[in-house]
Amino acid sequence: MKPSMHIWDRRYACFCSLTVALAVLSSGAAGQAPVTSILTNRYDNARTGANLNETHLNTSNVNAGQFGKLWSYPISGSVYAQPLYVPGVNIPGNGVHNVLYVCTTNDVMYAFDADSSSPTPLWTRDLTNAAAGITTVPVSDITNGDNSLNIVGNVGIMGTPVIDPNTLTMYVVARTKESGQYPQRLHAIDITTGAEKFGGPVLIQASVSGSAPGSRNGTVTFEPKIQNQRAGLALTNGVVLIAWASHEDLYNFHGWVMGYNAATLAQAGVFCITPDVTDGGIWAAGRAPVIDSQGYAYYATANGLWDGTRNFGDSVLKLSVSASGISLVDWFTPNDWLALSVDDTDLGSSSPMLIPNTTTLVTGGKEGIFYVLDSNNLGHETAANSQDLQNLVTNGGQITSGPAFWNGASTGPLVYEWSSLDRLRAWHFNGSTLDPTPFASGDRFAPGVPGGILAVSANGNAANSGIVWATLSDQSANENGVQPGILIAYNASTLQMLWTSDQNAATDRLGTLQKYTPPVVVGGRVYIPNYDNQIQVYGLKGVTVTLNGPAALSGGQSVSLSAVANGGVSWSISPTGVGTFTPTGNSALYAAPASINSQSTVMVTATSLADPTKSATVTITLSPGTITLNTTSATLTAGHSVSLTATVNNNTAVGWSIAPTGVGTFVSNGNAALYTAPAPISSQTTVTVTAVSVADPSQTVSALITLSPNTAYNSYGYQRTITIAHTKVSASSN
């Protein structure tokens, strides 16, 4: 069978190109050109993983000399949910920003200014409440205490949220533990404030008729404790779609798909994959379902039994979704479904991708076979798999993270996949199937699961603009636990390596690999989470700022700065009002306040006027000036002296004082002073000499000098020498 070819209609453009549908939500952030939105898992509803509006990064400037890590955002928890990005968001009371949204397994949500290195989010929302006994779910609670570290950390938000740009609403599922119960809730979050919308959250509950193990009186009930919400959420026909699997195939779980009205959060429909048996989960390595031009959803299911009537393990399902329900329209099942289930080589380790401008689906699983399907006729199940357009053995290991796509001007349409135990491969799409011989191959083997986790950036189909981005384990398989990760950029036309995060490892290293979470490439930057409680941010190192002096200042000190960029720069400082800041062209002067009571920092940023996505920030530490003396105590006899030297860490001047006055003589000269005891000394007394920092008068230090009336002799009646503060003082005989 041949796929029917057609140009995307208007509805397809709406559903399948979310990255194009919303260029900007307002007039734009601070003079920046509008950039694309990333509102859903794998960038668009076709799940191509491609941002085709990337005008800053290309095959010429992504290299070790020009590209690298810029900064990191601190977060709490692992990030299995792909971060999302919306430009031009008007944050009440905080202006317009391009925003990166991050959700973690600790049930914490963050909205970061995507153009700023500031670690402080624009807003944050914690969906737990420890004081009320609401916590995130410890992974040991859902694994019967025997956790293999398939999930690292807690189990809170796992599936990638989806954002509706028309209502500025993010839909996200959070799991919590509350008084021994494990509810799951759907939240509708205002992306400008983090507040709940539409009366949310709503408790997720469902049941269907069925005879599966664990059913009661012919009813199968959704069990929130054992059902893992791993797949990305999706929006279609005004319905939020959510899917579930298990954690490590434990207990009597099922695959579930539920729909909720996006405007009211009322449940719109429920579909159970295996109502009469168990398993059949939808986990898909975190991928969301394809949504086609008519709003149909396509899911791949995992290990489970199949009968072609009510139970659909190891299958591709086409679902009709509306406000009135969810129903099965069509399906594909490979003829070896039973072996896949028994051997744990499930088809549902990934999820379909729709090749743009066609009705062709590409999907694959742990068996390492691409199934090329016609979405208009999935073909059900046949003895020889004659119902599919093609089944292509990739000659690699498992397909988990799944394919990506780009149609380059010089290459034509390419499907990219990096299976475990294989290289990155590109297959040419000839209009109906994939050419069996790879069009290009990378130079590096993935050491095992998860293989390479892919994204593509390009300026449309322009030559030399296409880049395939991949994260993978740097040393060994990462199916369980944590491993060092690496970010690699490849020329999308040739799969020639352009750059890796290990080339300048001291500054660019990724950290531990966050399994199955793809890079987010937008606006000239690449955002990637790791297991180290960070979002790493990479980009062009097109602006540099140099401090022409110390990075640590005390009261009254100043430092000059200079910026180097392709053209002029604009300067900013945060926080404002701390000291004085005077920019002049590509130079600036910062002066610390005269008095500093406690240590703090200011951040100075230079931003390219020609390309506002390029900036650089330096941090200046403000410290109270500390002052020391060469000695803080001495004992003198009549007429003898001690030299004092004051040292201030910021090399500023000091002032001197003595108390009481009129006892001996005191002469100061800059940071040095000489005190001479009076002659005679009638009785023992003390004087105190104090040095104070001129720049910061709160910083002082004192020396206590004891004046002794006794002439010093040894036991034989001879003169002896007394050492006081490194100065030898001789007592003369009579």
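Residues numbered from 1 in each chain as written. Predicted model: local features only at pLDDT ≥ 70, side-chain atom pairs only at ≥ 80, totals over all residues. Heavy atoms only, no water.

Focus on the sheet that holds strand β30 (residues 412–417)
Sheet strands line up and pair through hydrogen bonds in the backbone, either parallel or antiparallel. Which entries qualify depends on this criterion: We call two strands paired when DSSP finds no fewer than two bridges between them. Secondary structure follows DSSP: runs of H or I at least 4 residues long count as helices, runs of E at least 2 residues long count as strands, and numbering of each begins at the N terminus. Under this scheme, a helix contributes an axis fitted over its contacting stretch, all axes are lines through C-alpha atoms, and angles between N-to-C directions fall in the 0 to 180 degree range.
If you trace the 4 strands from one edge of the open sheet to the other, you get β29-β30-β31-β32, paired in antiparallel fashion. Only two strands of the sheet have a single partner each, and these edge strands are β29 (404–408) and β32 (440–445). Recorded for the sheet is a direction-independent mean angle of 20° between the axes of neighbouring strands.

Notes on unusual backbone geometry
What counts here: Relative accessibility under 20% of the residue-type maximum defines a buried residue, over 50% an exposed one, and the middle range a partly exposed one, all with a 1.4 Å probe and only protein chains included.
Cis geometry is found at the peptide bond from G200 to P201, where omega equals 0°. Mapped onto the secondary structure, P201 falls in the loop between β13 (184–190) and β14 (202–203). Here the residue pair V449 and P450 is connected by a cis peptide bond, since its omega of 15° sits within 30 degrees of zero. We note that L168 has phi near 55°; this positive angle belongs to a residue other than glycine. Along the chain, the position of L168 falls in the loop between β10 (162–164) and β11 (169–175). Look at L168 and you get partly exposed, because its relative accessible area is 28%. Residue N464 is not a glycine yet carries a positive backbone phi of 65°. Topologically, N464 is positioned in the loop between β33 (453–457) and β34 (467–473). Given a relative accessible area of 51%, N464 falls into the exposed group.

Describing the side chain of S420
So the rule is basically this: Polar contact criterion, stated in full: a pair of N or O atoms within 3.5 Å, where within protein one must be able to donate a hydrogen and the other to accept it, and residues adjacent in sequence count only if both atoms are side-chain atoms. Two residues form a contact once any of their heavy atoms are found within 4.5 Å.
Among the structural elements, S420 can be located in the loop between β30 and β31 (423–428). Accessibility expressed as a relative area gives 3% for S420, which makes it buried. A distance of 2.8 Å separates the side chain of S420 from the backbone nitrogen of Q398, its partner in a polar contact. Leaving out residues up to four positions away in the same chain, S420 has contacts with G396, G397, Q398, A446, G448, V449 and G451.

Structural notes on the packing of aromatic side chains
What counts here: The aromatic pairing rule takes the rings of Phe, Tyr and Trp, using the six-membered ring of Trp, and pairs them if the centres are within 6.5 Å, calling planes under 30 degrees apart stacked, those over 60 edge-to-face and the rest tilted. Cation placement over rings: the criterion is NZ of Lys or CZ of Arg within 6 Å of the ring centroid and within 35° of the ring normal.
Counted under the stated rule, the structure contains 20 aromatic pairs. Three or more aromatic residues joined by ring pairs form one cluster here, namely F67, W469, W499 and Y538. K318 extends its terminal NZ or CZ atom over the ring of Y296, reaching a point 4.6 Å from the ring centre.

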